[in-house]
Amino acid sequence: ENQNIISSGINAEYGGSLTCDQLKPALLKCTAEQVNLIEHRNPYLRDSLEPVWKKLVESEFRSNALIGESWKTMYWDKIIERKEKLKRLTNDISAAKQQKEQSDSQVRHLVGKAQPLNKSRGAKRSLNILPQSNGSGKAPLMKRVMDSHKNAKYRR
């Protein structure tokens, strides 16, 4: 009867005269924040709550090997680790998105300067993004860059 009452309405205010064995079924249904608050307000339970922290670690992180001094410490370390990983991933995604936007902008710039499609009959349609020679005998900049890139491959 006590177990049903406790497990249906457990919160951080509860504790007092009940033993950890009486509270355990309800504690196993609590969140880490609730267990932490109950432990804070009922320090006499601290040593008895390791099995509850172990279950929280096992269920949330799929880990059953203790790393560190206690299951409680391991739980909070894993929470911090998860937040840091999420922050790194978020930063990596933002940087990749920004890099892609810059790349897309450069492509739009090049395509904007492209010459129109060759519309003669029978001719292969192509998009010429290399500007025509300006008559000075010098190769256009894009062609020179592409040629130097080709030559660099053979120099290695």
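Residues numbered from 1 in each chain as written. Predicted model: local features only at pLDDT ≥ 70, side-chain atom pairs only at ≥ 80, totals over all residues. Heavy atoms only, no water.

### Quick word on the packing of aromatic side chains
Right, so step 1: If you walk through the whole model with that rule in mind, you get 4 aromatic pairs.
Right, so step 2: Where tyrosine 75 meets tryptophan 76, the ring centres are 5.0 Å apart and the plane angle is 90°; that geometry is what we call edge-to-face.
Right, so step 3: What makes tyrosine 75 buried here is its relative accessible area of 3%. (Phe/Tyr/Trp six-rings, centres within 6.5 Å; stacked < 30°, edge-to-face > 60°. Buried < 20%, exposed > 50% of the residue type's maximum accessible area, 1.4 Å probe, protein only.)

### Here's the deal with the environment of lysine 29
Right, so step 1: Position of lysine 29 among the secondary structure elements: in the loop between helix 2 (20–27) and helix 3 (32–41).
Right, so step 2: Considering only alpha carbons, one finds lysine 29 and leucine 56, 27 residues apart in sequence, at a separation of 9.4 Å. (Helix = DSSP H or I, 4+ residues; strand = E, 2+ residues; numbered from the N terminus.)

### What about the nonpolar core?
Right, so step 1: With 18 residues, the main nonpolar core has Leu27, Val35, Leu49, Trp53, Leu56 and Tyr75 as its most contacted residues.
Right, so step 2: Among the secondary structure elements, those contributing two or more residues to this core are helix 2, helix 3, helix 4 (50–61) and helix 5 (71–112).
Right, so step 3: When residues of this core are assigned to their parent elements, the largest contribution, 5 residues, is made by helix 4.
Right, so step 4: Excluding anything up to four places from it in sequence, tyrosine 75 contacts Ala32, Trp53, Leu56, Val57, Glu60 and Phe61. (Core = buried A, V, L, I, M, F, W, Y, C linked by side-chain atoms within 4.5 Å. Contact = heavy atoms within 4.5 Å.)

### Here we look at helix 3
Right, so step 1: For helix 3, the complete set of buried residues consists of Ala32, Val35, Ile38 and Glu39. Across the axial projection of helix 3, the buried residues extend over an arc of 130°, all falling on one side. Away from its buried face by more than 90 degrees, helix 3 exposes Glu33 and His40. (Arc of directions from axis to C-beta.)

### Quick notes on helix 2
Right, so step 1: By the burial criterion, the buried members of helix 2 are Cys20, Leu23, Ala26 and Leu27. Take helix 2 and look down its axis: the buried residues cluster within an arc of 115°, on one side only.

### Some remarks on the environment of aspartate 77
Right, so step 1: Relative to the helices and strands, aspartate 77 resides in helix 5.
Right, so step 2: You can call aspartate 77 partly exposed: its relative accessible area is 43%.
Right, so step 3: Aspartate 77 sits 10 residues away from isoleucine 67 along the chain, and the two C-alpha atoms are 9.6 Å apart.

### A word on unusual backbone geometry
Right, so step 1: One non-glycine residue, arginine 62, lies in positive phi territory at about 55°.
Right, so step 2: Mapped onto the elements of the fold, arginine 62 is located in the loop between helix 4 and helix 5.
Right, so step 3: Given the relative accessible area of 73%, arginine 62 is considered exposed.

### Here we look at the pattern of salt bridges
Right, so step 1: Under the criterion given, the structure shown has 4 salt bridges.
Right, so step 2: For arginine 46, the salt bridge is made with glutamate 39, and the minimal N-O distance between the two is 3.1 Å.
Right, so step 3: We note a salt bridge from glutamate 39 to lysine 72, for which the minimum N-O separation is 2.9 Å. Of this pair, glutamate 39 sits in helix 3 while lysine 72 is found in helix 5, placing the two residues 33 residues apart along the sequence. (Salt bridge = Lys/Arg side-chain N within 4 Å of Asp/Glu carboxyl O.)

### Structural notes on the packing of helix 3 against helix 4
Each pair of packed helices can be described by the angle between their axes along with the distance between the axes.
Right, so step 1: Packing of helix 3 against helix 4 brings their axes to within 11 Å, and their N-to-C directions diverge by 165°. In terms of axis orientation, helix 3 runs roughly antiparallel to helix 4. The two elements helix 3 and helix 4 cross, and the hand of that crossing is left-handed. On helix 4, the residues touching Ala32, Val35, Asn36 and Glu39 of helix 3 are Val52, Trp53 and Leu56.
Right, so step 2: Class assignment for the residues of the contact of helix 3 with helix 4 results in 5 nonpolar, 1 polar and 1 charged. (Axes fitted to C-alpha atoms, helices over the stretch in contact; angles between N-to-C directions. Parallel < 35°, antiparallel > 145°, perpendicular 65-115°, else oblique. Left-handed = near helix turned anticlockwise from the far one by under 90°. Nonpolar A, V, L, I, M, F, W, Y, C, P; charged D, E, K, R; others polar.)

### Some remarks on the environment of tryptophan 53
Right, so step 1: Take tryptophan 53: it is sitting in helix 4.
Right, so step 2: Here tryptophan 53 falls in the buried class, since its relative accessible area comes to 0%.
Right, so step 3: For the pair tryptophan 53 and threonine 31, spaced 22 residues apart in sequence, the C-alpha separation works out to 9.9 Å.
Right, so step 4: Other than its neighbours up to four places away in sequence, tryptophan 53 contacts Ala32, Val35, Asn36, Glu39, Trp71, Lys72, Tyr75 and Trp76.

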